[in-house]
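Okay, here's what each chain looks like letter by letter:
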Amino acid sequence: MSTAAKKLDTLVFAVNGERFELSDVDPSTTLLEFLRTQTRFKGVKLSCGEGGCGACDVLLSKYDPVLKQVENDKVNSCLALLCSINGCSITTTEGLGNSKDGLHPIHKRMAGFHASQCGFCTPAMCISLFSALVNAKNANRPEPPPGFSKLTVLEAEQAIVGNLCRCTGYRPIADTCKSFAADVDIEDLGINAFWKKGDSIEDKISKLPFYDPNDEICTYPEFLKYESKPLNFKSQSWSTPLTIEELQSLLQVHLAGNGTKIRLVVGNTSTGYYHDLEHYDKYIDLRYIPELSLIRRDHTGIEIGATVPISKAILALREEHEGELCSEAELVFQKIANHMERVASESIRNFASVGGNLVIAQRRYFRSDIATIFLAVDSIVSIITGQKHEKLTFEEFLGRPPLDSKSVLLSVKIPCRKPERKGLSSETETKLLFESYRASPRPLGNALPFLNAAFLADISSSKTGLLVNNIHLAFGAYGTKHAIRARKVEEYLVGKVLSFGVLYEAVKLVKAAVVPEHGTSYPAYRSSLAVGFLFEFLLPLIDPDSVTSDPYEFDDVGNPGLVSSAKQVIEPSKEYYPVGKPIMKTEAALQASGEAIYVDDIPSPENCLHGAFIHSTKALAWVKDVKFESKSLPDGVTDIISFKDIPKGGENIGSNTQYGDEPLFADDITSYAGQPVAFVVADTQKHADVGAAMAIIDYDTEGLGPPILTVEEAFERSCFFEVPSDMYPAQVGDFSKGMSEADHKILSAEIRLGSQYFFYMETQTALAIPDEDNCMVVYSSSQCPENVHTVIARCLGIPEHNVRVITRRVGGGFGGKATKSMHIAAASALAAHKLRRPVRIYVNRKSDMLIAGGRQPMKITYSVGFKSNGKITALHLDILINSGIVIDLSPIVPGYMIGSLKKYDWGALSFNIKLCKTNTSAKTSMRGPGEVYATFIAEAIIERVASTLSMEVDFIRTINLHTYESLSFFYEGSAGEPQEYTLPSIMDKLASTSSFEKRIEMTKEYNLCDKWRKKGISRVPIIHQCSLQPIPAKVSILWDGSVAVEVGGIEIGQGLWTKVKQMTAYAFSLIQCDGTEDLLDKVRVIQADTLSLVQGGITAGSSTSESSCGAVRVCCDILVGRLAPLKEKLQKQMGSVTWDDIILQAHSENVNLSASTYLVPDSNSLHYLNYGAAVSESRQFLQRRIQPQLAWRSAFRFSGLPIASFHALDHNPSPLSAIFLIALATSLNPSSIATKDTLARPVEVNIITGETRILRSDIIYDCGQSLNPAVDLGQIEGAFVQGIGFFMSEEYLSNSDGMVVTVGTWTYEIPTIDTIPTRFNVEVLNSGHHKKRVLSSKGEPPLLLAVSVHCATRAAIKEARKQLRSWGGLEGSDSESTLFDLEVPATMPVVKQLCGLDSVEKYLQFCASLSDST
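Described in the following lines is the structure provided in the data block.

### Quick word on the overall build of the protein
Along the protein, the regular secondary structure elements total 45 helices and 44 strands. The globule rule puts the C-alpha radius of gyration for 1414 residues at 35 Å, and the 32 Å found for the protein is close to it. Within the protein, the proportion of its 1414 residues that are buried is 64%. Restricting the contact set of the protein to residue pairs at least 6 apart, pairs at least 24 apart contribute 79%. Entry remark: accessible area of the protein is about 49,800 Å², with carbon and sulfur atoms responsible for 51%.

Quick look at the structure:
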């Protein structure tokens, strides 16, 4: 058969079993773009566009005609090019099932375990789990029990490692995944809708939606098996060569100076990092060339073709062939595979090629882990350039000029190495050692490393110790172009017998060799990592007894895993049934199956256009012009909209609050970097985004002066916003008197706190459709449709009755979809108004992060007085809040801050708070606005007082807790009755249930025994001051007895619709007729429509559900009052009366069955308090290594060898013996040891980074009386984990112009499933409710409790600093070493710096001095 005959000129593939055939497409089209614009399958979502969040995950299935089997891999559809899936089948969550034809057990369990809140990430979570189940089906394992799969608990948890969720905190999602695992402990699964307390294990299993692995979906239709052939479009825009010669011919023709731009593609995953916008004339798919896709293994090593996916390379490296390779080489390959499994996420690894990773490392200086590893093991690469074929060492490959389009990487070979025995006697023990390292914010990958390293050493025994015969030391990703070999260090170590002195000299050389380039963040930290990793590698060979604890111990966290265990305690109430019942969230199943419709899921109307913002890059400048390089508009671009296009009578307004407005566009002057200057409108969203990126803005700064970028500059220039007098909180007590009573004072101490980005999974989006008679219908993802409505009307200069804003649901908000959503809707509406065509926008993640604003950064200066017993007598704070360019919602922050700060009895509290106006993006309210800062400030002060007095911090917290009298003094009008003050009892209960005192003592003992790991524990209280808001509602009963409810509140994932349904069902049940037990199923809450229900207000502050339920209750009471006489009349006539009878009679008698209200809270119940407390325990990993004797024990645990063999080796302390044994255990049971390394306890082995692991968190939160304990539990967990992000990992950074630089998943790291507490216990306490309130529900306050993690980390650092001081690393007294400030967020570099960037050197010097003295 000829080459041409083997190829297709038509793209053929399937989606959920449906055949698609395309004759020609734009080769740059992604699979996600096609699915969302050309199919009805909208469950696959766009969130980051970088492959970093997993929201776009799909299952890609392809047929291997050689093996005659189907391969199933989950991939990121936002990166996969549509042409690259020729002959493949795609499965999305819609392909698993739906509400009409039947939901899949995954959908049912995801809903039943309360694992969906906003639901935007849920479809991809389902696919990730489905992918794991499909692949586990063929595992060589015993058949699972009925209803379960072959997955293990660890594999089930690992299935969602690459998926981000901002709402749930991951715990219920992990429970859903674990429920399918054959080895699951059913008792360990959390609250769900399937079984009730007291059910037996057998009953629980029987109530789970049944899963049959043999009844699975067909992922690859039969008709595709004959379509899997290379694709070549007649237009030649996509070509697929089958041989190297054909590839060379294509390159020669198209690179012969004719200007053709060629892109060589395999997985296209690099676009997720580099965001390439360049247009290419031709795409060449390299995957069908045999030499590039080979995996060849022989006694000389493993050769991996350039197009081999990383995941397949991992499998090949783990594959064993008896006698083919030496045991040392097998072990090296296993460890390389283990490291590669922490590169990116599974979805990326399944599609990204090994060669692609290496090429961008060589050409574009990507921070590659794989390149560093391959450099350490002396890999060989094969390259062709034209007709020239080269074989290069990996070091030569990295060092040559960047590869151009004429050069193609063919393969890389990892050689099989054995220990050198030249010159050694036959009795001399030799061993080849290999280890690799990476320091990354996320233990299981999906984040770039600060530094990676790989070491290969040839060691032999000698009379004086262990001799280094040869050693390779490779370091990468630390702020240099390529990974390097530390040649000087290698030369120094070769021929040396290892000792503390030798190691000390070696680490000094490493520090000099690993020097990041200028401009690299945290340069000293990265250098210290290199030192620490070498220390980790060599210390076990010098001092086998330096570690006293088992590195694989399970501590007190149960089974090793990502989420080891969790416990939830709720108190369901039957008093107001179904209110108080933990029922399933109303739309959870629809969200899981992809049937829930978000704004961007609404099909585009005919002739619809798409928009994207052009952002300023200057903080303060004249805007002279906005243009493109070419005179004509870019491809697909229709128009550019700016402030000049606002119609006569309209206003340049982008958002509106009661405190002021913000412009939609910069006019003649741009006021901050990132400000929207114009709006590109194009035929597709991609063309709009590309057009906006290509735009050029001409600036001029003449006569403007410097911008104000910091609060200090604003203070110096007296640039402030005014806080309305009724919003400014009142001072408490007499500060001067309190200070005069103090025995000790801390004066003018400073705290600085940065911002936080919302990171809702659904970015800002809107769809504007012009309607008749100069009207405009806008679909907006907004927490505040009412203000969106007003802003659009003012912008267009039309009456408000000409505008209709509709919001069904929001894919996460957290405050970010309040004022900021107004800009998006207004821009779309303005463009639609001008062009008289529908216009929609789905803001890309970068643009979203530029305009979002986030929390208000601030600077705090405080003075505090306190007694010698720790009782604080007075506190004063000067607070400068960065509000940004406009006031937005910043005036509410002072009140919220002080409300949260007053959780302690400060004696007297005074403050001076200023809202600073700066040339930065307008800051806005984010979950817990001001409160999260205030709770940190309070704890920082408490910690400082404790350190000053050398007292236990928990004692200082306890002595400064409120009595009811002081509570009433600080919270005048909100404290309630004495019995409502539950905080002291919560603190006591938490101490008991968490074994707090016992764990304190255990922590102290632990820290004395372990040099390289330090634990900390902390108990923290919160008081949240709640405020209710006015809100409308409307309830209508239809002919068939079903009920339609409208409320002002918006469903953003907090379960508002569910709680409203429960309240409606309860309120109508009071009519006391037959059939009301089914009322819950008769109620539907419908989308918000600003012309149907006015005065909707804003959904925020954790009280909207409560207020909405209160308003609905009023409406229902009105209707019950109208129906009661009918019921009595029918009862006299019929005896027994049903709900349907009453409603039918009401309709026939023309009774008004619709009621509405606008509920304004009673002044006596407007404000009240909620209480909570948390205990968190964290471990700070300083320098970790494996003590050989303990390594034997761990190796035997997984090797299956007789324990007697261990006892025999236990008497031989040779470090090499331990290494031999680990190699033996690996060869006998590679899957076990690999699982141990990569899954079970990944952050406990080889960590020298300052990484903090949260071992356990216990929370008790008093909701008053929960409307739905299951929903509130999810809100508590999700808020707490979001708080962990603020306190520990999320850096929302700007450059010198104030331009946000953390603009995607590569640079902004929210918590993932591998960074949440290993044990996560939550109790929802129902203490009662105020008679004037509708029970209670809270989503924001638990976020504040995450400060306990920060405090626990500080406690661990404190112990590390004491130890460092004993080694001579810190000057001053013991108490002085504990006086330090831990920044927020407490990232790895921050923590490591406080523990000592030179801790390794100081330890080695300390050991050397001890050796000298003895």
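Structure's up, so let's keep going.
### What about the side chain of lysine 178?
Locating lysine 178 in the fold gives a position in helix α5 (residues 171-178). Judged by relative accessible area, lysine 178 falls into the buried class, the value being 3%. Of note is the side chain of lysine 178, whose polar atom sits 3.3 Å from the side chain of aspartate 188.

### Section: a negative patch on the surface
Negative charge collects at one region of the surface, where Asp1074, Glu1077, Asp1078 and Asp1081 lie side by side. With respect to the helices, strands and loops of the structure, aspartate 1081 is situated in helix α33 (residues 1079-1082). For aspartate 1081, a relative accessible area of 68% translates into the label exposed.

### Considering unusual backbone geometry
The omega torsion of the bond from tyrosine 577 to proline 578 falls at 5°, within 30 degrees of zero and hence cis. Topologically, proline 578 is positioned in the loop between β18 (565-569) and α19 (588-592). With an omega of 0°, the peptide bond running from valine 1384 to proline 1385 counts as cis. The backbone of serine 748 sits at a positive phi, close to 55°, despite the residue not being glycine. Among the secondary structure elements, serine 748 is positioned in strand β28 (residues 744-753). Of note in the backbone geometry, serine 1102 takes a positive phi value of approximately 65° without being a glycine.

### Notes on the environment of alanine 588
Looking at the secondary structure, you find alanine 588 in helix α19. Sequence-wise, alanine 588 and tyrosine 504 are 84 residues apart; in three dimensions their C-alpha atoms are separated by 58 Å. Setting aside its immediate chain neighbours within four residues, alanine 588 contacts Ala111 and Ser116.

### A short note on the sheet that holds strand β1 (residues 11-15)
Taken in spatial order, the five strands line up as β2-β1-β5-β3-β4 in an open sheet, and their pairing is mixed. Edge positions in the sheet fall to β2 (18-22) and β4 (69-76), since each of these pairs with one other strand and no more. Shown here is a sheet whose adjacent strand axes are inclined to one another by a mean of 25°, direction ignored. Pairing of strand β3 (residues 57-64) with strand β5 (residues 89-91), which is carried by three bridges, proceeds in the antiparallel orientation. Paired with leucine 60 across the strands is isoleucine 90, a residue of β5. Running over the sheet, helix α3 (residues 122-136) touches β3, β4 and β5 and is turned about 30° from β3.

### With respect to the pairing of strand β30 (residues 775-780)
Here β30 lies mainly inside the structure; five of its six residues are buried. Once strand β29 (residues 765-771) ends, the chain turns through three residues before running back antiparallel as β30, passing aspartate 773 with a positive phi of about 60°. The handedness of the β30 to strand β31 (residues 803-807) crossover, carried by helix α23 (residues 785-796), is right-handed.

### With respect to the sheet that holds strand β17 (residues 484-485)
If you walk across this open sheet you meet the four strands as β14-β15-β16-β17, and the pairing is antiparallel. Each having just a single partner strand, β14 (430-439) and β17 make up the two edges of the open sheet. Where strand β16 (residues 465-476) lies against β17, two bridges are found, and the strand directions are antiparallel. Paired with alanine 474 across the bridge in β17 is arginine 485.

Each value, and the rule that gives it
- Residues numbered from 1 in each chain as written.
- Predicted model: local features only at pLDDT ≥ 70, side-chain atom pairs only at ≥ 80, totals over all residues.
- Heavy atoms only, no water.
- Helix = DSSP H or I, 4+ residues; strand = E, 2+ residues; numbered from the N terminus.
- Rg over C-alpha atoms; globule rule 2.2 N^0.38 Å.
- Buried < 20%, exposed > 50% of the residue type's maximum accessible area, 1.4 Å probe, protein only.
- Contact = heavy atoms within 4.5 Å.
- Areas by Shrake-Rupley, 256 points an atom, 1.4 Å probe, with all protein chains shown as cover.
- Polar contact = N/O pair within 3.5 Å; in protein donor to acceptor, adjacent residues only side chain to side chain.
- Patch = residues over 30% accessible without salt bridge, like charges linked within 9 Å, V, L, I, M, F, W, Y side chains within 5 Å.
- Salt bridge = Lys/Arg side-chain N within 4 Å of Asp/Glu carboxyl O.
- Lys, Arg positive; Asp, Glu negative; His and termini not counted.
- Charge placed at Lys NZ, Arg CZ, Asp CG, Glu CD.
- Pairing = 2+ DSSP bridges.
- Axes fitted to C-alpha atoms, helices over the stretch in contact; angles between N-to-C directions.
- Right-handed = clockwise from strand over helix to strand, strands pointing away.

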